[in-house]
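Architecture and fold: a report
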Amino acid sequence: MKDKGIQLGDDIQFEAGSDKHKGFLVGLQIALHFIGDFPLRVEEASNEEEDD
């Protein structure tokens, strides 16, 4: 999902392609390497959530 931005709650958002976005994705890859299954899931925003 490198072409999608990341939003964590209401306050934290990383635009796709930004240095913070890339760093977050690398951090997730490192965490997955060390701990295996990661206790997070990725969901697509619904149309209602995108309008807010």
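Scroll up for the structure.
Owing to the predicted nature of the structure, the values given are computational and were not obtained by experimental measurement. (Residues numbered from 1 in each chain as written. Predicted model: local features only at pLDDT ≥ 70, side-chain atom pairs only at ≥ 80, totals over all residues. Heavy atoms only, no water.)

Observations regarding the overall build of the protein
If you tally the helices and strands in the protein, you get two helices and two strands. In sequence order, the protein lays out its α and β elements as β-β-α-α. Sorting the 52 residues of the protein into buried and exposed places 6% on the buried side. By sequence separation, contacts in the protein at least 24 residues apart represent 10% of the contacts at least 6 residues apart. Summing over all exposed atoms, the protein offers an accessible surface of approximately 4900 Å²; the carbon and sulfur share of this is 51%. (Helix = DSSP H or I, 4+ residues; strand = E, 2+ residues; numbered from the N terminus. Buried < 20%, exposed > 50% of the residue type's maximum accessible area, 1.4 Å probe, protein only. Contact = heavy atoms within 4.5 Å. Areas by Shrake-Rupley, 256 points an atom, 1.4 Å probe, with all protein chains shown as cover.)

A look at the packing of aromatic side chains
What the rule picks out here adds up to one aromatic pair. Ring plane angle 40° and centroid distance 5.5 Å describe the contact between Phe14 and Phe24, whose orientation is recorded as tilted. Of the two residues, Phe14 sits in strand β2 (residues 12-14) while Phe24 sits in helix α1 (residues 19-35), which places them 10 residues apart along the sequence. With a relative accessible area of 25%, Phe24 lands in the partly exposed category. (Phe/Tyr/Trp six-rings, centres within 6.5 Å; stacked < 30°, edge-to-face > 60°.)

Some remarks on the environment of Glu44
For Glu44, the location among the structural elements is in the loop between α1 and α2 (47-51). A sequence separation of 40 residues divides Glu44 from Lys4, and the C-alpha atoms of the two residues are 9.9 Å apart.

Here we look at α1
A rise of 1.5 Å per residue sets the reference length of α1, with its 17 residues, at 24 Å; its end C-alpha atoms lie 24 Å apart and thus fit the reference within 8%. With its phi angle positive at about 80°, Gly36 sits one or two positions after the end of α1. (Expected span 1.5 Å × (residues − 1).)

That's the geometry; what it means functionally is another story.
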